[in-house]
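Descriptive structure summary
Listed below, chain by chain, are the residues.
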Amino acid sequence: MIPFGTSTQPFSSSFSIHFLSENAITIEFGQKIDEATFDKVHQFNKLLNARPFEGLLCTVPAYVSLTVFYDATIVINAKNGLIGISGFERVSGYLVQLHTQMTAIEKNTRKTIRLPVCYEGKLAPDLNYVASYHNISPAEVIRLHSSVPYKVYMIGFVPGFAYLGGMNSLLETPRKAVPRKKVPAGSVGIAGAQTGIYPFPIPGGWQIIGCSPLRLFDIERPSPALLSAGDEIMFEVIDLEEFEAIKNSNSWKSLS
Amino acid sequence: MEITVIKPGILSTVQDLGRHFYRHQAIPAAGAMDPLSMRIANLSLGNSPTEAVIEITYADVSIFAETDLLIAYSGESCLLYAGKQALPANRPLFIPAGQYLDFSHLESGSRTYLAILGGWDVRPVLGSKSTYLEAQFGGLSGRCLKKGDKLRSSENLTQSNKRILASLKGLYINFPSWSVHKERFTALAKKTIRVVPGKEFTWFRADSLLSFLSSSYTLSRDCNRMGYRFNGQGLSRSVQTELLSTAVAPGTIQVTNDGSLMLLMADSQTTGGYPRIAQVAQIDIPLCAQLKPGDVIHFSAISRIEAEKLYLNQEKELKRLAVAINILCSTTSIPGKGSQ
């Protein structure tokens, strides 16, 4: 049952289009988190940003969807390649047409971003808890956490916060019963099956096992968020001395 | 032009129409909660509709004119006074230097916008002058106005700006006989919010959908620039699937796990994981922005086609209004109706 018959337009088995607002459309590529869906979202995102339509404002990738924000007052008057009587029709038509060209694109070659993390002392207040929760050594927690690549599925929650997928299930740990009033910027935490990095100081209940000296979010940068959905990252273990050095110079090999 | 803030009110921030190019970095749009009143205040001065304004929450704001001012205000939460003299909304007002101005409370709504000739001059951050309080950037260093703040207007004036100023400038408070008829742009039923069914509309039980579209909902005290929670008939789901977080937008109505409604507003997070029962029609966002805790509303469903048509029509009318004001200003003199 689709009420009013117009909010949803499935047009291909692998791809459906939905109304979000008068200025936004969501394209859904699947129902569950997997590599194939992740690739589709990011390939299409890349293609759309390489070939934007007139009036496109911004695209927001999420776990299985890409949301396209646009200015309907521009779209409705655009002359090039947008056909239809409504903005929704014009944009969805464009997206369908663009999607047919997606197969021609070669598979995304992602580069892995290495993020330095110090898993020591005050920077890792919950490391021992996580280790004892799983009955393993803190060194093993660090090894498990820093030995696998993670995918950035989505930036959400607060500016620059990356939802990472790929954590070893041996590290799954419930949130703290009482959240901290302020978690320092750069803190690397675990909450259930998720791991993530706090971009700036905010309250939070994640188990903090380390801290990155990099600025995950800096409003003075032209692109304030360090990570983007679609990136692949690895955590690189550093010691306190390196932590201070990187923090003070704000430079790191992976950023150049 | 310059003002000093004498009384800042409970939450006054600098806002424009928002940040629209950084949602993928989870940076919310922010911007005026009631973009209609905000634009009418700007257009009344011959400003571009995107110029920065001051968003006043409720009232109790006082300012002092350090220089001559040309301002306009529009909204539902206050009336502007110079001493005992009430000054009309939705039209340009010339205020001579040395005047104190007070925004005093009106019962009808919760937000009012103060625009100044040329717009308030604050540094744009990521292409917008809007204040985003949570991450503390934009506007006045990412914070609300406080006592003693000095705000200046931009000196880049349009031809219309200059003409309006020339026609009203003098030694005394002065304003023209015309004003923008804001009622023309707003729905008559201010407590009926039109919505388009959302992507997860069909995840709810039929009787819950019936409640959603027929029973009344009361705005709770839990409401701010990020979002509103409503009290009313709880809604239950027939589909229990866990939703994978996806993009949301101001106007999205989510149903939280306790079955209550949460309407996302200007500063809302950019992604969400609660099922979206509906999306408020863009043209009714200003009505939502003016709701106060305790206000009782109804939701009524329209199609996305109708919502888009209403939205585009209103945008067209606002463009026509801007043109009409420009034409009005280009006639040699605008009759003043001052108060000597």
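Residues numbered from 1 in each chain as written. Chains lettered and ligands numbered in written order. Predicted model: local features only at pLDDT ≥ 70, side-chain atom pairs only at ≥ 80, totals over all residues. Heavy atoms only, no water.

1. Looking at the domain arrangement of chain A
In many analyses, interface size is given as the accessible surface area lost on bringing the parts together. Residues and elements named next belong to chain A. Rules: Domain start and stop points were drawn from an automatic or database domain assignment. Two residues form a contact once any of their heavy atoms are found within 4.5 Å. When two parts are brought into contact, each loses some accessible area as probed by a 1.4 Å sphere; the total of that loss over both is the buried area. In the sections that follow, a salt bridge refers to a side-chain nitrogen of Lys or Arg positioned within 4 Å of a carboxyl oxygen of Asp or Glu. Polar contact is the term for a pair of N or O atoms within 3.5 Å; when the atoms are in protein, one must be able to donate a hydrogen and the other to accept it, and sequence-neighboring residues count only if both atoms are side-chain atoms. Runs of E in the DSSP output that reach at least two residues are strands. Runs of H or I that reach at least four are helices, and both are numbered from the N terminus. All residues other than Ala, Val, Leu, Ile, Met, Phe, Trp, Tyr, Cys, Pro, Asp, Glu, Lys and Arg, Gly among them, are scored as polar; the first ten of these are nonpolar and the last four charged.
Partitioning chain A into structural domains gives domain 1 (3–104) and domain 2 (112–255). Relative to domain 2, the C-alpha centre of domain 1 lies at a distance of 32 Å. Taken together, the 7 residues of domain 1 in the interface contact 9 residues of domain 2. Regarding the contact of domain 1 and domain 2, the summed buried area is about 760 Å², with carbon and sulfur atoms giving 69% of it. On inspection of domain 1 and its partner domain 2, the count reaches 1 salt bridge. The shortest N-O distance in the salt bridge between K151 and E35 comes to 2.9 Å. At the boundary of domain 1 and domain 2, one finds 2 residue pairs in polar contact (both at pLDDT 80 or more). It is helix α1 (residues 35–50) that contributes the most residues to the side of domain 1 that touches domain 2, 3 residues altogether. When grouped by side-chain class, the residues that make up the side of domain 1 that touches domain 2 number 5 nonpolar, 1 polar and 1 charged.

2. A look at the pattern of salt bridges
As a reminder, the rule being used: Whether a residue is buried, partly exposed or exposed follows from its accessible area with a 1.4 Å probe, protein chains only, as a fraction of its type maximum: under 20%, in between, or over 50%, in that order.
Counted by the stated rule, this structure contains 25 salt bridges over all chains. Between D68 of chain B and K169 of chain B there is a salt bridge, with the nearest N and O atoms lying 3.3 Å from each other. On the criterion of sequence distance, the pair formed by D68 of chain B in the loop between β4 (61–65) and β5 (69–75) and K169 of chain B in the loop between α2 (159–168) and β12 (192–197) is long-range, its members being 101 residues apart. The salt bridge partner of E317 of chain B is R184 of chain B, with a shortest N-O separation of 3.6 Å. With E317 of chain B in helix α5 (residues 304–330) and R184 of chain B in the loop between α2 and β12, this residue pair connects regions lying 133 residues apart in the sequence. Its relative accessible area of 24% is what places E317 of chain B among the partly exposed residues. Overlapping salt bridges, with partners in common, bring together E28 of chain A together with K199, E200 and R276 of chain B in one network.

3. Structural notes on the packing of α2 of chain B against α5 of chain B
Residues and elements named next belong to chain B. Definition in use: For helices, the fitted line uses only the C-alpha atoms of the stretch in contact; every axis is such a line through C-alpha atoms, and the angle between N-to-C directions lies from 0 to 180 degrees. Roughly parallel means an angle under 35 degrees; roughly antiparallel, over 145; roughly perpendicular, 65 to 115; everything else is oblique. Two helices crossing with the near one rotated counterclockwise from the far one by less than a right angle form a left-handed crossing, whereas a clockwise rotation gives a right-handed crossing.
Between α2 and α5, the shortest axis-to-axis distance is 9 Å and the interhelical angle comes to 50°. Comparing the axis directions of α2 and α5 gives the class oblique. Relative to α5, α2 is oriented so that their crossing is left-handed. In this structure, α2 uses S160, R163 and I164 to contact α5, whose residues at the interface are I325, N326, C329 and S330. Taken together, the residues that form the contact of α2 with α5 break down as 3 nonpolar, 3 polar and 1 charged.

4. With respect to the interface of chain B and chain A
Taken residue by residue, the interface counts 44 residues in chain B and 50 residues in chain A. With both sides pooled, the region where chain B packs onto chain A buries about 3800 Å², and carbon together with sulfur makes up 65% of that total. Area buried by chain B at its contact with chain A is led by Q25, K199 and R304 of chain B, which between them contribute 18% of it. With its nearest N and O atoms 3.4 Å apart, the salt bridge here joins E220 of chain A to R123 of chain B. Summed over the shared surface of chain B and chain A, the number is 10 residue pairs in polar contact (both at pLDDT 80 or more). When contributions to the side of chain B that touches chain A are tallied by element, the ones reaching two or more residues are β12, β15 (246–247), β19 (276–280) and α5 of chain B. Residues belonging to the side of chain B that touches chain A are distributed by class as follows: 24 nonpolar, 13 polar and 7 charged.

5. Overview of the nonpolar core
One broad trend across soluble globular proteins is that nonpolar side chains are buried collectively. Inclusion rule: By convention a nonpolar core is built from buried Ala, Val, Leu, Ile, Met, Phe, Trp, Tyr and Cys residues, the set being connected through side-chain atoms within 4.5 Å.
Counting 54 residues, the largest nonpolar core has F212, Y228, F230, I253, L261, I277 and F299 of chain B as its most contacted members. Here this core gets 5 residues from one element, more than from any other, and that element is helix α1 (residues 35–43) of chain B. Mapping this core onto the domain boundaries places at least three of its residues in each of domain 1 (2–180 + 316–330) and domain 2 (192–302) of chain B. Once residues within four sequence positions are removed from consideration, Y228 of chain B is found in contact with M33, R111, L219, D222, C223, L261, M262, L263, M265, C288, A289 and L291 of chain B. V130, I155, V188 and L214 of chain A belong to the second-largest nonpolar core, a separate cluster that totals 37 residues.

6. A look at the side chain of E22 of chain A
Put simply, the test is: None of His or the chain ends enter the tally, which takes Lys and Arg as positive and Asp and Glu as negative.
Tracing the chain through its elements places E22 of chain A in the loop between β2 (15–21) and β3 (24–28). Within the buried core, E22 of chain A has no salt-bridge partner, and the shortest N-O distance to an opposite charge, that of R194 of chain B, equals 8.9 Å. Polar side-chain contacts of E22 of chain A include one of 2.7 Å to the backbone nitrogen of Q282 of chain B.

7. Description of the side chain of S21 of chain A
Following the sequence through the fold, S21 of chain A ends up in strand β2. For S21 of chain A, a relative accessible area of 6% corresponds to the buried category. Those residues in contact with S21 of chain A that sit more than four places away from it in its chain are Y70 of chain A together with Q279 and Q282 of chain B.

8. Structural notes on the sheet that holds strand β8 (residues 93–95) of chain B
Residue and element names in this part refer to chain B. What counts here: For two strands to pair, DSSP has to find at least two bridges joining them.
As summarised here, the arrangement of the 5 strands in space is β2-β3-β10-β5-β8, forming an open sheet in which the pairing is antiparallel. The open sheet has two edge strands with one neighbour each: β2 (12–15) and β8. Neighbour to neighbour, the strand axes of the sheet diverge by 30° on average, direction disregarded. Pairing geometry for strand β3 (residues 53–57) and strand β10 (residues 111–116), over 4 bridges, is antiparallel. Looking at the pairing, E55 lines up with Y113 of β10. Sheet strands in contact with α1 are β2, β3, β5 and β10, and its direction is about 155° off that of β5.

9. A closer look at the packing of aromatic side chains
Stated precisely, the cut-off is as follows: Two rings from Phe, Tyr or Trp (for Trp, the six-membered ring) form a pair when their centres sit within 6.5 Å of each other. Planes less than 30 degrees apart are called stacked, planes more than 60 degrees apart edge-to-face, and all others tilted.
As enumerated under the stated definition, the model contains 25 aromatic pairs over all chains in all. Ring centres of F161 of chain A and Y198 of chain A lie 6.3 Å apart, and the angle between their planes is 80°; this geometry places the pair in the edge-to-face category. With F161 of chain A in the loop between β7 (150–155) and β8 (162–165) and Y198 of chain A in the loop between β11 (194–197) and β12 (202–204), this pair connects stretches of sequence that are 37 residues apart. The residues F161 of chain A and Y198 of chain A share a single accessibility class, namely buried. Ring plane angle 80° and centroid distance 6.0 Å describe the contact between F230 of chain B and F299 of chain B, whose orientation is recorded as edge-to-face.

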